[in-house]
Amino acid sequence: MDKLLHVISHTDLDGVTAAAVAWHGHFPERSPVKVTLTGYGEVDALILETMKAGQDLLVVDLFCQRRETVDEMDRFYEGVASPVLFDHHKTTADVFSNRRWAVVDVAHCAAKVYYLWLLERTPEGPVRDRLLGLERLVEIANDRDLWLGRYEESRHWQALITLCGPWSVFCRLVADGRAEMSPHELTLALDFIARQEERFRRALEQVERHGDDLALVPTGILDFGDASDFCGLILDRSENPPDMVAVCSRRVYGDWAVSLRSRQGLAARIVGLLKDGKKVRGGGHGDAAALYFPAHFSQSQIRDTLLSGIRTARDQERPVGLTLGDLLRAKMEGK
């Protein structure tokens, strides 16, 4: 008997694009398709509810935050013929990339991971034609999510996500999956970016710099959706950039979302060191990741925790004791 397909994806451009790929890849042949755009706080409950309801599951650009959920998926999808989860975050790949029910590839954004997998298995016909029409959009999402900076359109599309919200952009991509914006869409996006640049100018005056280690952006300065572009401004256009930039945001329910950006993979190492799966959650890529702190944390505690994590990461990178190479080099130098 046919089952309802439940697509669970993230709310950023990567997640919205992935959901659009799933829609065009399965609708109308599997109509109706249930789509939920959500975040890390709700993904575990949604996965478990879908499994309990006996629905077909497709999770893209998200991963379980609790080990109990992973264990349940291991039992439920033992011997699965086809994967049900597609992700690309380094923190997922480091621990869970061996699951038969998951495809994890850090080389691409989640939308591209799922797109390439689905396209390879879709025969010639209308569905494949629809998927091929999404190729440019998928590349733009990949550029945005991996922070490559190759396509100017990636910032335009992120502006629409911020302005209209993920559901509105998802509806647009269901109706029209082309990456080319209409004149009205482009005008609104460019206007948003101009106002965003003014926010960035004011925010630069209030950044807390902590030596070469960290630049901390206090809560209330930037708007939702500003973090990546503002961090790129500091890291790529500053004369003396820090090793990491953190943007703090107090959320509606009082907890903290802290966006981390870096070079050389520091952000993911910090997330791996600091998250505990219960109080402090997190995930992401090598240089674009996030941590979620409980409401009782103060901004100064978050700052001190991040600085402690950076020091620990550096200590782990230092060689311990003398190596054979050190001894040979010293001998050759006559020391």
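The name given to the protein in an unreviewed UniProt entry is Phosphohydrolase, and the organism recorded there is Aminirod propionatiphilus.

Q: Which parts of the structure should I look at to understand the overall build of the protein?
A: Within the protein one finds 14 helices and eleven strands. Expected size for 335 residues packed as a compact globule is a radius of gyration near 20 Å; at 22 Å, the protein falls within 12% of this value. When the backbone C-alpha atoms are referred to their principal axes, the protein occupies close to 75 × 50 × 45 Å. Within the protein, the fraction of its 335 residues that count as buried is 52%.

Q: Explain the sheet that holds strand β5 (residues 102-104) here, please?
A: Sheets are built from strands paired through backbone hydrogen bonds, the pairs being either parallel or antiparallel. Ordered in space as β2-β1-β3-β4-β5, the five strands form an open sheet in which the pairing is parallel. Strands with a single pairing partner mark the edges of an open sheet, and in this sheet they are β2 (33-37) and β5. With direction set aside, neighbouring strand axes in the sheet form an average angle of 10°. Sheet topology note: the strand β3 (residues 56-60)/strand β4 (residues 85-87) ladder contains two bridges and is parallel. Paired with V59 across the strands is L85, a residue of β4.

Q: Would you mind going over helix α2 (residues 43-52) with me for this structure?
A: What sets the pattern is the α-helix's 3.6 residues per turn: residues three or four places apart point alike. Within the span of α2, buried status applies to V43, D44, L46, I47, T50 and M51. One face of α2 carries all of its buried residues, which in axial projection span an arc of 165°. In α2, the exposed positions that point more than 90 degrees away from the buried face belong to E49 and K52. Next to the buried residues of α2 lie β1 (5-9), β2, β3 and α3 (67-76). Note on α2: the residue one or two positions beyond its end, G54, has a positive phi of about 75°.

Q: Even after reading the chapter, I still don't get unusual backbone geometry, so can you show me in this structure?
A: Note on backbone geometry: most residues besides glycine have negative phi, and most peptide bonds are trans. Cis geometry is found at the peptide bond from F27 to P28, where omega equals 5°. Along the chain, P28 turns up in the loop between α1 (13-26) and β2. The peptide bond linking S31 to P32 adopts the cis configuration, its omega dihedral lying at 0°. If you trace the backbone, P32 turns up in the loop between α1 and β2. Residues other than glycine seldom take positive phi values, yet D61 does so here, at roughly 65°.

Q: Honestly, the sheet that holds strand β11 (residues 288-293) in this entry has me stumped. Any pointers?
A: Spatially, β6-β7-β8-β9-β11-β10 is the arrangement adopted by the six strands of the open sheet, whose pairing is mixed. The open sheet has two free edges, formed respectively by β6 (208-210) and β10 (281-284), since each of these has just one partner strand. Neighbouring strand axes in the sheet, compared pairwise and without regard to direction, differ in orientation by 20° on average. Pairing geometry for β6 and strand β7 (residues 214-217), over three bridges, is antiparallel. For R209, the partnering residue across the bridge sits in β7 and is A215. Relative to β11, helix α12 (residues 266-274) is tilted by about 30°, and along the sheet it contacts β8 (244-250), β9 (256-262), β10 and β11. Most of the contacts of helix α13 (residues 299-317) go to β7, to which it runs at about 160°, and overall it touches β6, β7, β8, β9 and β11.

Rules behind the numbers
- Residues numbered from 1 in each chain as written.
- Predicted model: local features only at pLDDT ≥ 70, side-chain atom pairs only at ≥ 80, totals over all residues.
- Heavy atoms only, no water.
- Helix = DSSP H or I, 4+ residues; strand = E, 2+ residues; numbered from the N terminus.
- Rg over C-alpha atoms; globule rule 2.2 N^0.38 Å.
- Buried < 20%, exposed > 50% of the residue type's maximum accessible area, 1.4 Å probe, protein only.
- Pairing = 2+ DSSP bridges.
- Axes fitted to C-alpha atoms, helices over the stretch in contact; angles between N-to-C directions.
- Arc of directions from axis to C-beta.
- Contact = heavy atoms within 4.5 Å.

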